[in-house]
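Examining the three-dimensional arrangement
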Amino acid sequence: MSTTPSTSSFDYFLDEEHEALRSTVEDFAHRVVAPRAAAIDEAGEFPYDLVSGMAAMGLFGLPFPESYGGMGGDYFALCLAIEELARVDSSVAITLEAAVSLGAMPVFRFGTEEQRATWLPQLTSGSALAAFGLTEPDGGTDAGATRTRAVLTDGAWRIDGTKAFITNAGTDITSLVTVTAVTGQLEADADGRAGSSPRKEISSFLVPVPRAGLTVAKPYSKVGWHASDTREISLAGVEVPAENLLGERGRGFANFLSILDEGRIAIAALAVGLAQGCVDESIAYATSRRAFGSAIGSFQAIQFKIADMAVRAHTARLAYHDAAARMLAGKPFKKQAAMAKLYASEIAVTNAREATQIHGGYGFMNEAAVARFWRDSKILEIGEGTSEVQRMLIARELGLPGA
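Source: prediction; values computed, not measured.

A closer look at the confidence of the model for the chain
Should pLDDT be low for a region, the predicted coordinates there are not to be read in detail. Here the chain averages 94 in pLDDT, while 94% of its residues score no lower than 70. Below a pLDDT of 50 lies the segment residues 1-10, which in the model reaches 27 contacts outside its immediate sequence neighbourhood of four places, other chains included. When the criterion is pLDDT under 50, residues 191-197 qualifies, and its contacts beyond four places in sequence or with other chains add up to 3 contacts.

Right, dumping it as structure tokens:
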């Protein structure tokens, strides 16, 4: 599967292979996922059957080499699949996004060859899921304030701590959680800044599931993403072999931040999918719903709302395509990923609000797709870096003083 066009051309027409994938996932989303979306949302039911369907299509292996059971594609292909799924259901889309970009990708990026050979085949096949344990109850955005600790004794790491808001942490097919933990202290900053003090040495680890001492809490009661598995996990004296260190010791936090840079492109794609779904639903409703003797879509007020929604979705799509193209071309993409995630998440919330307004009272009923989109949209401004964090990153990349 070829990559996106070069960043020099900014030509966002999809090549034949990417378009074939997009079309295939679009068909699966509308034919298989959409009819189940309302029911699994209402029941808060993890969709094992839909996960199996995505696994059969190879979606969990999209950006990984065939040598690890993957499809030999690229990260952009994953984003296209996530966007199409999110057009009909964000819970299913985030299950795929978290399993691949947060779950399996750290193993692929930073794992040893033995770790890759052990874990990636089951993760790329979709027969097992991995979770990403970075956020802590007292940390939130301050991910560097890690309290979880790991101590190496007699050839094994003993890990103690708690991780919060972890996607795919407690499903029946969860087999792995990657976690960050403090493993020591680093010297004060070399620049000798006033007040500088020793910094935490943070490393990351592969923790198989189940594991003695690992407790997975019951699912959170959430505003949205009802069919996505999200839980807190506690580690009380969890022991893993020394070789379960993931990546270089002391590089765990930096490595996980790089995973989040990539993940922001995927979250932007998910947000674009939700925003486009709002356009789709609004067009259908405005065409069929009649008031004052005419379809409401004939009223300029409604036309302008939907036109603005379509412009937002299109612009956000170009933003994440740009970030993905830069990433795959090996060019700096941190700023573009933050821009894409910031803009796409905020316009998703706006489109969801406007789509609900267009639907009127029906939009406030939970059986309406736009009601689910409205509830699902807010987390996009929070997860994988809040809107405020994205603005900080953009300001820093622009070289602004103090950023």
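The structure having been displayed, the exposition proceeds.
Regarding the packing of helix α6 (residues 252-288) against helix α7 (residues 300-328)
For the pair α6 and α7, the least separation of the axes is 9 Å and the interaxial angle reads 160°. Accordingly, the angle class assigned to the pair α6 and α7 is roughly antiparallel. In the crossing of α6 with α7, the sense of the turn from one axis to the other is left-handed. Taken together, the residues of α7 that come into contact with α6 (itself represented by Glu262, Ile265, Ala268, Ala269, Val272, Ala275, Gln276, Cys278, Val279, Ser282, Ile283 and Ala286) are Ile302, Ile306, Met309, Ala310, Ala313, Ala316, Arg317, Tyr320, Ala323, Ala324 and Met327. For the contact of α6 with α7, a count of residues per class yields 19 nonpolar, 2 polar and 2 charged.

Some words on the side chain of Ser345
As for its placement among the helices and strands, Ser345 is situated in helix α8 (residues 334-359). On the basis of relative accessibility, which here comes to 1%, the residue Ser345 falls in the buried class. Among the polar contacts made by the side chain of Ser345, one reaches the main-chain carbonyl oxygen of Lys341 at a distance of 2.8 Å. Every residue in contact with Ser345, bar those within four places of it in the chain, is listed here: Ala271, Leu380, Glu381 and Ser387.

Brief notes about the pairing of strand β7 (residues 230-241)
Relative to β7, strand β3 (residues 156-167) is paired through 9 bridges, and the arrangement is antiparallel. Following the sheet pairing, Ile159 is matched in β7 by Val238. Of the strand pairs in this sheet, strand β6 (residues 214-216) and β7 are connected by 3 bridges, and their pairing is antiparallel. When the bridges of β7 are listed, Val216 appears paired with Ile233.

Quick word on helix α4 (residues 90-110)
Under the 1.5 Å per step criterion, the end-to-end length of α4 is 28 Å for 21 residues, consistent within 8% with the ideal 30 Å. By the largest-angle criterion, Ala104 marks the main kink of α4, which is about 40°, and a proline, Pro106, follows within four residues. Among the 21 residues of α4, 19 are classified as buried, and the element is accordingly described as predominantly covered. Its side-chain oxygen 3.3 Å from the backbone nitrogen of Ser91, Asp89 forms the N-cap of α4.

The rules behind these values
- Residues numbered from 1 in each chain as written.
- Predicted model: local features only at pLDDT ≥ 70, side-chain atom pairs only at ≥ 80, totals over all residues.
- Heavy atoms only, no water.
- pLDDT = per-residue confidence, 0-100.
- Contact = heavy atoms within 4.5 Å.
- Axes fitted to C-alpha atoms, helices over the stretch in contact; angles between N-to-C directions.
- Helix = DSSP H or I, 4+ residues; strand = E, 2+ residues; numbered from the N terminus.
- Parallel < 35°, antiparallel > 145°, perpendicular 65-115°, else oblique.
- Left-handed = near helix turned anticlockwise from the far one by under 90°.
- Nonpolar A, V, L, I, M, F, W, Y, C, P; charged D, E, K, R; others polar.
- Buried < 20%, exposed > 50% of the residue type's maximum accessible area, 1.4 Å probe, protein only.
- Polar contact = N/O pair within 3.5 Å; in protein donor to acceptor, adjacent residues only side chain to side chain.
- Pairing = 2+ DSSP bridges.
- Expected span 1.5 Å × (residues − 1).
- Bend = angle between axes of the 7 residues up to and from the residue.

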